[in-house]
Amino acid sequence: MRVNVLARASSRNAALRTGEWTACRRSFASLPKQRPAIAGQRHQRIQPQWQSRRWQGTAAAIQEAAVHDPNALSQEAIVENLDPAETARLVKIRNIGIAAHIDSGKTTATERVLFYTGRIKDIHEVRGRDAVGAKMDSMDLEREKGITIQSAATFCDWIKKEPDSVTGELKDEKFHINLIDTPGHIDFTIEVERALRVLDGAVMILCAVSGVQSQTVTVDRQMRRYNIPRISFVNKMDRAGANPWKAIEGINHKLRIPAAALQIPIGMEDGFKGVVDLINMKALYSEGDKGEIIRVDEVPSDLRDFAQEKRRLLIETLADVDDEIANAFLEERTPSPLEIKAAIRRATISLKFSPVLMGSALADKSVQPMLDAVCDFLPNPSEVENMALDRRRAETPVKLVSYNSLPFVGLAFKLEESNFGQLTYIRVYQGQLKKGSHVTNARTGQKVKIPRIVRMHSNEMEEVQEIGAGEICAVFGVDCASGDTFTEGKVEYTMTSMYVPDPVISLSIRPKHTKDTPNFSKAISRFQREDPTFRVHVDTESGESIISGMGELHLSIYVERMRREYNVEVVTGQPQVAYRETIQQHVPFDHLLKKQTGGAGDYARVVGYLEPTGQLGENKFEQQIVGGTIPEKYMFACEKGFQASCQTGPMLGHRVLGASMIINDGATHATDSSEMAFKNATQQAFRKAFMAAQPQVLEPLMKTVITAPNEFQGNIVGLLNKRNAVINDTEIGPEDFTLTADCSLNAMFGFSSQLRAASQGKGEFSMEFSHHAPAPMQLQKELVAKHEKERAEKNKK
Ligand SMILES: Nc1nc2c(ncn2[C@@H]2O[C@H](COP(=O)(O)OP(=O)(O)OP(=O)(O)O)[C@@H](O)[C@H]2O)c(=O)[nH]1
């Protein structure tokens, strides 16, 4: 393998600058001689300083090779060639997120994780009687409402028993876990997106009664977007009606990930005592006041057959996704526990399988085996492929290697205002981040000093001097935007950022008392910086501030936070749907702006056409001027005019989607033409052409998932029919049904109270933006008429 790497790397050396290549070749020259074990032995004998310089050269050389052919080296090969001490550090790190449907028990489970790892001294419940609240829900609003609003990061050490690779004897191994607890409500989905963007693995929690729910499907999609391996944890095994097998079937069939249980329950509902570990065929009982003792015992005799059956199913499912287990299966040989574990790890990391564990966080049962599974089956940072684009080499993709001696590269994935200033969460992908060092923001080119580095423990922090590759930290005093890449300056890498969904709902907002305006502005600018799905703009006609976001709950939380954190009472308008405007026809234009009535005049002529792009996405501007009829500087002004027009569409003042403007001719005047004249002329031409191009109002359609007891199905279908919803799927279970429909957001205001009434409070629903579609003709007419009327009234004033 290594020889191939060398051959490929050297055949591409022409592109390297001579100095770099010489260093690179020197490092590579030593590579074939070093088998990992031998390298490790040599490593012991050389001087520490030398040693680190030598390894640094090797890693840099490896990265150089990867620059030229990102596929030249597998991640394993890179890791194999690295400093064994560094590899030993990495294999004990896990960066994981906990994500799930609303109220599945993410925060409750995280509280147990923190307790069992010794990070907190006592357990407090979400909405608990002691009114303290769970550690990870640190905001007052979260504790009052019992929901997670912001993701919270923490870290802990888990000591797990590992068999010695030589003797097989069990010994203590310490794993360092960086953990992010995420919210379940779709309104705060950006928190899940950005957490998953930087994590290496996840625990997907499911409710043992409800199984796969609507948000589980969303979270699954988000995990797929960032290739996140996951273990599944079926929680709430203590609840009446708990059925882990239904949840596992849901993972297999609804999420389409091969999944099998690694455990079976001992007792069910309020008799739930622990689990049988199917790999080692041992019973694990949770005992002690807070389930802190795991007593290992023989499998109860009444469960032996069932355990054997489920163990067989586990091996069969693995055989479908893992060659080694498939071979054992063909040879009619039962794989050993070590082989099964290794296969689960391989299949989980390669996203082919999800191992399923079960327990009850609230009843303090069987959480520790889930922690063991995090260490056993989720990848360490060196097992995850992270790519950046090298700007110095025409954006060539380059593999990042979680190695301390390489140049620092980190991604700012979350910003938060704290009492001590802006806190920026950073995932360090390679190199080290050191207090007092300087890093460069790849987007702005700005060099900034890192004054303080902390590790976050929910709302508390622990100051550190440096943070290693593959870890997560937060820094103070760094001005940047969410998603910015930071580098040491030696390399110019940028990383792609997370997916930010478009807001679907907006409302006008102003402070009740003018004296509060400065605080209002401060709050708005902070929220905007922290949350890319919270947008603010000023309506050009009404002069009102309009906030937009992911749903009513999202915006209402910000309104509440203004009151609590900034002492600002606000007045808000009715929530409005974020409509879009588009066109359906090709329309040519030839527009002349001419004001020449003495003194400096205005003159600009623009000729071209407006047409649909064919997709309801980005707008496009193109100039096809020949012979310089419009000089370049005026074309820039035309483009600005076009962009401004797309922000406030001619029909309703909402954003334009899918419009393409081409300017191919025009005229100027020696003295009266100006950039302003061309910008205005373009805007006027756009408006006229747009209105002639069969304009259309688009409305957001929401994928809506409703779950309720079967007896209310008729009522709920009736509610949806009244709203002209299109029902795509209905699934009827023994007690509950789940219905998936496309509904226009406009028709869904007030739906939650009607659903409550129609289902005696037992129905629940979630909504997520699906796509934009033309609004019904009647609604379009009403909206346009209303807009015209408002405009006329404002003009009168
Ligand atoms: N019976 C039972 N209830 C549980 C269990 N785990 C959590 N709960 C309860 O379920 C409710 C929701 O728990 P949380 O931990 O806040 O759930 P979450 O997934 O973090 O919630 P969001 O972040 O708001 O989506 C709380 O009332 C918990 O006490 C469990 O194992 N058994």
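Structure first, text after, so check above.
Keep in mind that what you see is a predicted model, and the values were worked out from it rather than measured.

## With respect to the overall build of the protein
Then comes step 1: The secondary structure content of the protein amounts to 22 helices and 38 strands.
Then comes step 2: Looking at the protein as a whole, 53% of its 797 residues are labelled buried.
Then comes step 3: Residue pairs at least 24 apart in sequence account for 72% of intrachain contacts in the protein once pairs closer than 6 positions are excluded.

## Thoughts on the sheet that holds strand S13 (residues 396–400)
Then comes step 1: Strand order in the open sheet formed by three strands is S13-S12-S24, and the pairing between neighbours is antiparallel. Strands with a single pairing partner mark the edges of an open sheet, and in this sheet they are S13 and strand S24 (493–494).

## Examining the site of the ligand
Then comes step 1: Around the ligand, the structure places 20 residues, and the nearest of them are Lys 106, Thr 107, Thr 108, Thr 148 and Asp 238.
Then comes step 2: Between Asp 103 and the ligand, the recorded distance is 3.1 Å, taken from a backbone N or O atom to an oxygen atom.
Then comes step 3: Between the ligand and Lys 236, the relevant distance is 3.2 Å, taken from an oxygen atom to a side-chain nitrogen or oxygen of the residue.
Then comes step 4: Taking 650 Å² as the accessible area of the ligand by itself, protein coverage stands at 90%.
Then comes step 5: By residue number, the principal contributor to the shell around the ligand is helix H7 (residues 106–116), which donates three residues.
Then comes step 6: Looking at the shell around the ligand residue by residue, the class counts come to six nonpolar, eight polar and six charged.

## Section: the pattern of salt bridges
Then comes step 1: Tallying each qualifying case throughout the model produces 35 salt bridges.
Then comes step 2: Ionic pairing is found between Arg 427 and Asp 200, a salt bridge with its closest N-O pair at 2.9 Å. Taken as a pair, Arg 427 in strand S15 (residues 421–430) and Asp 200 in the loop between helix H9 (189–198) and strand S4 (201–207) lie far apart in primary sequence, 227 residues in all.
Then comes step 3: Since its relative accessible area comes to 0%, Arg 427 is described here as buried.
Then comes step 4: The exposure class of Asp 200 is buried, given its relative accessible area of 2%.
Then comes step 5: Note that Lys 435 is salt-bridged to Glu 463, the shortest N-O span being 3.9 Å. Here the residue Lys 435 occupies a position in the loop between strand S16 (433–434) and strand S17 (438–441), and Glu 463 occupies one in strand S20 (residues 460–464), the gap between them amounting to 28 residues.
Then comes step 6: When its relative accessible area of 40% is taken as the criterion, Glu 463 is described as partly exposed.
Then comes step 7: A single network of salt bridges, built from pairs that share partners, joins Glu 191, Arg 194, Lys 414 and Glu 416.

## What to know about the state of the cysteines
Then comes step 1: Per the stated rule, a full pass over the model turns up zero disulfides.
Then comes step 2: Cys 646 takes part in no disulfide bond, and the closest cysteine sulfur to it belongs to Cys 638, at a distance of 13 Å.

## A closer look at the pairing of strand S25 (residues 505–511)
Then comes step 1: Burial runs high along S25: six of the seven residues are buried.
Then comes step 2: Examined bridge by bridge, S25 and strand S27 (residues 545–549) share five bridges and lie antiparallel to one another. Bridged to Leu 507 within S27 is Ile 547.
Then comes step 3: Sheet analysis places S25 next to strand S29 (residues 576–577), joined by two bridges and oriented antiparallel. Bridging across to S29, Ser 506 finds its partner in Gln 576.

The rules behind these values
- Residues numbered from 1 in each chain as written.
- Predicted model: local features only at pLDDT ≥ 70, side-chain atom pairs only at ≥ 80, totals over all residues.
- Heavy atoms only, no water.
- Helix = DSSP H or I, 4+ residues; strand = E, 2+ residues; numbered from the N terminus.
- Buried < 20%, exposed > 50% of the residue type's maximum accessible area, 1.4 Å probe, protein only.
- Contact = heavy atoms within 4.5 Å.
- Pairing = 2+ DSSP bridges.
- Near = heavy atom within 4 Å.
- Polar contact = N/O pair within 3.5 Å; in protein donor to acceptor, adjacent residues only side chain to side chain.
- Areas by Shrake-Rupley, 256 points an atom, 1.4 Å probe, with all protein chains shown as cover.
- Nonpolar A, V, L, I, M, F, W, Y, C, P; charged D, E, K, R; others polar.
- Salt bridge = Lys/Arg side-chain N within 4 Å of Asp/Glu carboxyl O.
- Disulfide = S-S within 2.5 Å.

Take it as geometry only, folks, not as evidence of what the structure does.
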